[in-house]
Amino acid sequence: MPWLNPLSLSEQVQTQQDNFLSTLEATLQDPATDRPALVRDLLAQFLYGRRFDELQAQLPLVAQQLDSRNITFEAEHYTATDQEQFSRVKPLLWLWKNLDLSPLGQNPAFAIPVRAVLAKHIFKRVGKNFKCWQNVEFSVGYNLEVGDDVVIHRYAFLDDIGGIELHDGASVSDYVNIYSHTHSVIDSPDVTLKKTIIGRGVRLTYHSTILAGSIISDDAMVATHALVRGKIEPHAIAMGLPARTTRFKLQGPFASYGVDSRTHSECRGIKANPEFPAPTPVQTRKPEPEKNP
Ligand SMILES: CC(C)(COP(=O)(O)OP(=O)(O)OC[C@H]1O[C@@H](n2cnc3c(N)ncnc32)[C@H](O)[C@@H]1OP(=O)(O)O)[C@@H](O)C(=O)NCCC(=O)NCCS
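A quick note: this is a predicted structure, and the numbers were derived from the prediction, not measured. (Residues numbered from 1 in each chain as written. Predicted model: local features only at pLDDT ≥ 70, side-chain atom pairs only at ≥ 80, totals over all residues.)

Caption draft 1: Local environment of the site of the ligand. Close to the ligand lie Thr 182, His 183, Val 185, Leu 211, Leu 227, Arg 229, Leu 241, Pro 242 and Thr 284. Tallied by class, residues from the shell around the ligand come to five nonpolar, three polar and one charged. (Near = placed C-beta within 6 Å. Nonpolar A, V, L, I, M, F, W, Y, C, P; charged D, E, K, R; others polar.)

Right under this line is the structure:
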């Protein structure tokens, strides 16, 4: 028996939603579409229930905020962000974030299919049946590679500035944080970008954190609140802070693996800031052992 029950809406509501989706899809596929204007117009309807020009006449300051040309994202402040790529996806990220503030965005039946359409035009790649629940955040969006049947749950944060791969069937639970950049302990502006790889069928469970450059192999599981830094083997269950493999599933081996940390070469990282030496030198030491009085 599946865990999730299929739910259906009335025919009339379903038809209205389907029409909206197919129009959105066609509009985004058209390279001539003015994305900031499209998003501004949609948000005026979703958030304020009126046309953008009406809102602008009545509340100009509020209307300005709907146009992504008038706002800044944190990612735009980073030197590592490719400004050209980001400018293409920025209006759609603005729509994604603000849709979540509306009743439409909090309705999974409407918003999950809308996010799947937006993902096609934001991510580097997205497979079939992408399912993203509400209040999920990305840093740049364009550096995400997502396979088939991937699910991302509420309040997850995916910092994809250095790249994130989520392979087929991966599941990201509520409040998970996945990073792909790291700062030097001594010089905060010394940033290294490292792609983070989440294998096929991996489950990152509630509140876990995955640091930059981690490689989590196919069918592994990260326990709630665990902190992964490095590699996790296939079928492993990694727990704790920092995460260590304390169990293996009674499953496997598989005939073949897409992501296997035992053979996957480690990401050396790309210096976002060329002023600093690569690789980052050792910058910490262990505390001195306490001397007996
Ligand atoms: C804390 C941190 C800076 C440690 O860096 P580091 O001194 O280079 O540490 P290492 O990666 O060499 O690990 C040293 C030891 O600490 C442990 N460790 C590292 N980070 C840890 C963490 N967050 N919690 C618990 N243990 C941790 C490692 O497992 C390792 O243990 P071991 O010696 O038993 O193997 C790093 O892991 C971290 O948390 N990075 C995130 C930085 C961040 O948030 N940046 C954003 C700032 S804007």
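Caption draft 2: Spatial organisation of the domain arrangement of the protein. Per the domain assignment, the segments making up the protein are domain 1 (21-122) and domain 2 (127-280). Counting residues at the interface gives 19 residues for domain 1 and 18 residues for domain 2. Elements that contribute at least two residues to the side of domain 1 that touches domain 2 include exactly α5 (83-99) and α6 (108-122). Within the side of domain 1 that touches domain 2, the residues separate by chemical class into 12 nonpolar, five polar and two charged. (Domains from an automatic or database assignment. Contact = placed C-beta atoms within 7 Å. Helix = DSSP H or I, 4+ residues; strand = E, 2+ residues; numbered from the N terminus.)

Caption draft 3: Broad picture of the sheet that holds strand β20 (residues 244-248). Spatially, the seven strands line up as an open sheet ordered β2-β5-β8-β13-β16-β19-β20, and their pairing is mixed. A single partner strand is all that each edge strand has here, and the edge strands are β2 (131-132) and β20. The sheet contact formed by β2 and strand β5 (residues 151-152) spans two bridges and is parallel. Opposite Lys 131, over in β5, you have Val 151 as the bridge partner. (Pairing = 2+ DSSP bridges.)

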